[in-house]
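Observations on the model geometry
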Amino acid sequence: MNAIASYQYETLQVSITDNILTVTLNRPHKKNAMSFQVINELIKLAGRISKDRTIRAVILNGAEGTFCAGIDLGDLNHPKNTAFALWELIKPWQSAFQRVCLVWRDLPVPVIAVLEGYCIGAGLQLALACDVRISHPDCQLSIMEAKWGLVPDMGLTQSAFGVLREDTLKELAMSARIIDSNEGKELGLISHCSETPLEQAQKLAAEFAERSPDAVLASKRVINAMYDQPAKTLYKEKAWQLKMMFGRNRKLALRKAKQASTLFGKRQFR
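Quick look at the structure, then.

What counts, and where the lines are drawn
Residues numbered from 1 in each chain as written. Predicted model: local features only at pLDDT ≥ 70, side-chain atom pairs only at ≥ 80, totals over all residues. Heavy atoms only, no water. Helix = DSSP H or I, 4+ residues; strand = E, 2+ residues; numbered from the N terminus. Buried < 20%, exposed > 50% of the residue type's maximum accessible area, 1.4 Å probe, protein only. Patch = residues over 30% accessible without salt bridge, like charges linked within 9 Å, V, L, I, M, F, W, Y side chains within 5 Å. Areas by Shrake-Rupley, 256 points an atom, 1.4 Å probe, with all protein chains shown as cover. Salt bridge = Lys/Arg side-chain N within 4 Å of Asp/Glu carboxyl O. Lys, Arg positive; Asp, Glu negative; His and termini not counted. Charge placed at Lys NZ, Arg CZ, Asp CG, Glu CD. Phe/Tyr/Trp six-rings, centres within 6.5 Å; stacked < 30°, edge-to-face > 60°. Lys NZ or Arg CZ within 6 Å of the ring centre and 35° of its normal. Expected span 1.5 Å × (residues − 1). Pairing = 2+ DSSP bridges.

**What to know about unusual backbone geometry**
One non-glycine residue, K31, adopts positive backbone phi at about 55°. With respect to the element layout, K31 can be found in the loop between β2 (20-25) and α2 (36-51). The exposure class of K31 is partly exposed, given its relative accessible area of 42%. You will see that E64, though not glycine, has its phi angle at about 55°, which is positive. In this structure, E64 sits in the loop between β3 (57-62) and α3 (73-76).

Structural data, given as structure tokens:
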């Protein structure tokens, strides 16, 4: 058995066939919402993948027909995690929230996201950092953070650049609107729509594996370089998230999610 697949993961399922690694988010009772443990395990797993030169491609999906319903808000808002979350936003380098997404963009092998059910918030930011996104037509997608009075801060400024037009990205981020995969395909958010997305991902991964692994790596690195963004964009994500978290309208956003008649106060920041 491949060494990576032999590790014991609490929130992931990992298997390998013909040098193609399949990683499954495995918290179906939470619609595979991204807990702090998921973040930690994904980052560690990606580090192991980057060192294994036998792996030719990675398929990233979710258990029981859902990719990822976003950040686990219960975990994020738990008092025991407050200090960790604040440190990740304050520290001058990539936060764990950014790293868990961008690490897939940085891997030396192609990464294919298989999207089903829900792909929302953190889930969509994770998918955007993958090289190809294959979605079931019924999958629901959203940059959901604005609904909770927050801003996308998981590397969106890096991963969405070159994927979506600026106006489209602004509209989705500002509205927190949920769209289906067909609209996502029209907007360029989705690479392919398929009734059998995992099967199509496996075929594509096998096609990648037929090519020189160095040529595949070079293609990924060269094309990524076309869309390199300065590190200060990641810092701005974190700085604005801190403002949102402690701003007056954040609490009102949480209330409005339950009571639509809630009114926001005047804009606090400029």
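Having seen it, we continue.
**Section: a negative patch on the surface**
Residues D138, D180, E186 and E195 make up a contiguous surface patch of negative charge. Inspection of the secondary structure assignment puts D180 in strand β8 (residues 179-180).

**Comments concerning the packing of aromatic side chains**
Counted according to the given criterion, the structure contains seven aromatic pairs. When the centroid spacing of 6.4 Å and the interplanar angle of 65° are considered together, the rings of F84 and F97 count as edge-to-face. Of this pair, F84 sits in helix α4 (residues 82-90) while F97 sits in helix α5 (residues 96-106), placing them 13 residues apart in sequence. Residue class for F84 comes out partly exposed when judged on its relative accessible area of 36%. On the basis of relative accessible area, F97 is assigned to the buried category, the value being 6%. Taken together, F36, F84 and F97 form an aromatic cluster joined through their ring pairs. If you follow K243 out to its NZ or CZ, it ends over the ring of W240, 4.1 Å from the centre.

**A closer look at α2**
Working note: α-helix, 3.6 residues per turn, so residues spaced by three or four point in the same direction. End to end, α2 covers 23 Å across 16 residues, agreeing with the expected 22 Å (1.5 Å per residue, within 8%). F36, V38, I39, E41, L42, L45, A46 and I49 are the residues of α2 that are buried.

**A closer look at the sheet that holds strand β5 (residues 118-120)**
The mixed open sheet is built from three strands, whose spatial order is β5-β7-β8. Looking at the sheet topology across the chains shown, the edges are occupied by β5 and β8. Both strand β7 (residues 140-142) and β8 contribute to a ladder of two bridges, which runs antiparallel. Residue L141 lies in a different strand from β8, and its bridge partner there is I179.

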